[in-house]
Amino acid sequence: MKRWIKNTLITGFWGLMILAWIVIGLFYVQGSRPASDDNQAQVFEVQPGMPLKHVAQQLSRQGLILSPSAFQAIAFIQNKQKQIMVGEYSLSPSMLPSEILTRITSGKTVLHPVTIPEGYRLTEIAALLQAEGLADPESFLHHTRDKSLIQSLGISAENLEGYLFPETYHFNKHSPELKIVQKMVATFKEQILTPPLLKSAEESSLSWHEIITLASLIEKETGLNSERKIISSVFHNRLRKNMRLQTDPTVIYAIEKFDGNIRKRDLRIDSPYNTYRYKGLPPGPIANPGLKSIVAAMSPIESDHLYFVSRKDGSHHFSSTLIEHNQAVQKYQLKKVRTRR
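These numbers come from a predicted model, not from an experiment.

**Focus: the overall build of the protein**
Part 1 of the argument: Summing up its helical and strand segments, the protein has 14 helices and six strands in all.
Part 2 of the argument: In the protein, buried positions account for 39% of the 341 residues.
Part 3 of the argument: Counting only contacts in the protein whose residues sit at least 6 apart along the sequence, the fraction spanning at least 24 positions is 61%.
Part 4 of the argument: When the accessible area of the protein is evaluated, it comes to approximately 19,200 Å², of which 54% is carbon and sulfur surface.

**Overview of the pairing of strand β2 (residues 87–91)**
Part 1 of the argument: Burial of β2 is extensive: four of the five residues sit out of reach of the surface.
Part 2 of the argument: Both strand β1 (residues 42–46) and β2 contribute to a ladder of five bridges, which runs antiparallel. Considered in β2, the bridge of Phe44 is made with Tyr89.

**Quick look at the layout of surface pockets**
Part 1 of the argument: Here the largest pocket defines a volume of roughly 780 Å³.
Part 2 of the argument: What lines the largest pocket is a set of 28 residues, among which Gln246, Asp248, Tyr276, Phe308 and Val309 lie closest to the centre.
Part 3 of the argument: At the level of secondary structure, the elements contributing two or more residues to the lining of the largest pocket comprise α10 (208–221), α11 (225–240), α12 (248–254), β5 (307–310) and α14 (322–340).
Part 4 of the argument: If you tally residues by element for the lining of the largest pocket, the top one is α14, at six residues.
Part 5 of the argument: The class makeup of the residues in the lining of the largest pocket is 16 nonpolar, six polar and six charged.

**So, the confidence of the model for the protein**
Part 1 of the argument: In this model, the protein carries an average pLDDT of 89, and 89% of its residues clear a pLDDT of 70 or more.
Part 2 of the argument: Under a pLDDT of 50 for its full length, residues 336–341 has, in the predicted model, five contacts with residues more than four places off or in other chains.

**Quick notes on helix α5 (residues 122–131)**
Part 1 of the argument: Taken together, the buried positions of α5 are occupied by Leu122, Ile125, Ala126, Leu128 and Leu129. One face of α5 carries all of its buried residues, which in axial projection span an arc of 160 degrees.
Part 2 of the argument: Here the buried face of α5 lies against β3 (112–115), α6 (137–144) and α8 (177–192).
Part 3 of the argument: The positive-phi residue at the C-terminal boundary of α5 is Gly133, with phi of around 70 degrees.

**Topic: the side chain of Asp266**
Part 1 of the argument: Turning to its location among the elements, Asp266 is positioned in the loop between α12 and α13 (291–298).
Part 2 of the argument: Put simply, Asp266 is tucked away with no salt bridge, and the nearest opposite charge, on Arg263, sits 4.3 Å away.
Part 3 of the argument: If sequence neighbours within four positions are ignored, Asp266 has contacts with Val251, Ile255, Asn261 and Asn274.

**Focus: the packing of aromatic side chains**
Part 1 of the argument: Across all of its chains, the model carries five aromatic pairs by this definition.
Part 2 of the argument: An angle of 10 degrees between the planes, with centres 5.7 Å apart, marks the rings of Tyr169 and Phe171 as stacked.
Part 3 of the argument: The class for Tyr169 is buried, based on a relative accessible area of 3%.
Part 4 of the argument: Classification of Phe171 by relative accessible area gives buried; the value is 7%.
Part 5 of the argument: Between Tyr253 and Tyr273, the ring centres sit 4.9 Å apart and the planes meet at 50 degrees, which makes this aromatic pair tilted. In this pair, Tyr253 is assigned in helix α12 and Tyr273 in the loop between α12 and α13, connecting sequence segments 20 residues apart.
Part 6 of the argument: For Tyr253, a relative accessible area of 17% gives the class buried.
Part 7 of the argument: Taking relative accessible area as the criterion, Tyr273 reaches 17% and is therefore assigned buried.
Part 8 of the argument: Of the aromatic side chains, those joined through ring pairs into one cluster are Phe235, Phe308 and Phe318.

Criteria and cut-off values
- Residues numbered from 1 in each chain as written.
- Predicted model: local features only at pLDDT ≥ 70, side-chain atom pairs only at ≥ 80, totals over all residues.
- Heavy atoms only, no water.
- Helix = DSSP H or I, 4+ residues; strand = E, 2+ residues; numbered from the N terminus.
- Buried < 20%, exposed > 50% of the residue type's maximum accessible area, 1.4 Å probe, protein only.
- Contact = heavy atoms within 4.5 Å.
- Areas by Shrake-Rupley, 256 points an atom, 1.4 Å probe, with all protein chains shown as cover.
- Pairing = 2+ DSSP bridges.
- 1 Å grid on protein atoms, 1.4 Å probe; cavity = no way out; pocket = protein on both sides within 12 Å on 5 of 7 lines; lining within 4 Å.
- Points joined across faces, edges and corners; volume = space filled by probe spheres on them.
- Nonpolar A, V, L, I, M, F, W, Y, C, P; charged D, E, K, R; others polar.
- pLDDT = per-residue confidence, 0-100.
- Arc of directions from axis to C-beta.
- Lys, Arg positive; Asp, Glu negative; His and termini not counted.
- Salt bridge = Lys/Arg side-chain N within 4 Å of Asp/Glu carboxyl O.
- Phe/Tyr/Trp six-rings, centres within 6.5 Å; stacked < 30°, edge-to-face > 60°.

Next comes the structure, spelled out in structure tokens:
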């Protein structure tokens, strides 16, 4: 009887050992082989708070691994079960499970390009980032108005309007809004605070904040590079003569809900941004200007122009006297209105 029990225990032991080796072998096969030879990349997203078990299950559902259990075992063996990082990753079924684990613990996420056009306002940038699924607009705008953050960035302004550089950026889907703002300001500094421009700023009669403010007016007034320094000269000339700048984009900026039309009553809006009512530059930028407008603000051409009017073809007519300006308005603005009647 004792011998039978002993033989039974021995047999059971070896049975368990064989079963264990079979399981280990199966795990090894499933954990050391790709799901298939398909090398077509697909996006896999690790959501915030997603545990390893759910990550493995989702990888299996997308056909990226053969066994969720084997994948989890690999993660524990490599002590990476808590190193998986939030974000989107480019993976393919032809990758080994260990390669997939390395990828999703590396933080090398899929980056989405987004181009910030020159002349966009903070609110427009926020809306664009929201449309691209890259940021919450309220959180983004909160950071652009956070005085402690602005001070830490070395910007002397009430908000970051004008200091988010227009450029093509690459952000992952879960980039914090704070990081996005910091990146845009860092790019502004890289592009603008260069030795040649710093020298030009020192030679200018304007402060850096006034330069960026003036550049934003130039940016909103023209899209033609050939006109930027001419328009700059008009503003510089008017400032020297203590004339009101009387530029429509500042009025538009002052209007809370602009519907596309400026009316006579709008020109009387009591806002420091209304350059029809108040002399000098507005208190801050009205948009985020590009490099060429900033250069133009510091380096206007020599001219005696005091006025300009749109030709309605993207270009402007420049005048040195009010009589000439009124004639240009008659030619390019009022005459066309009457013709259409």
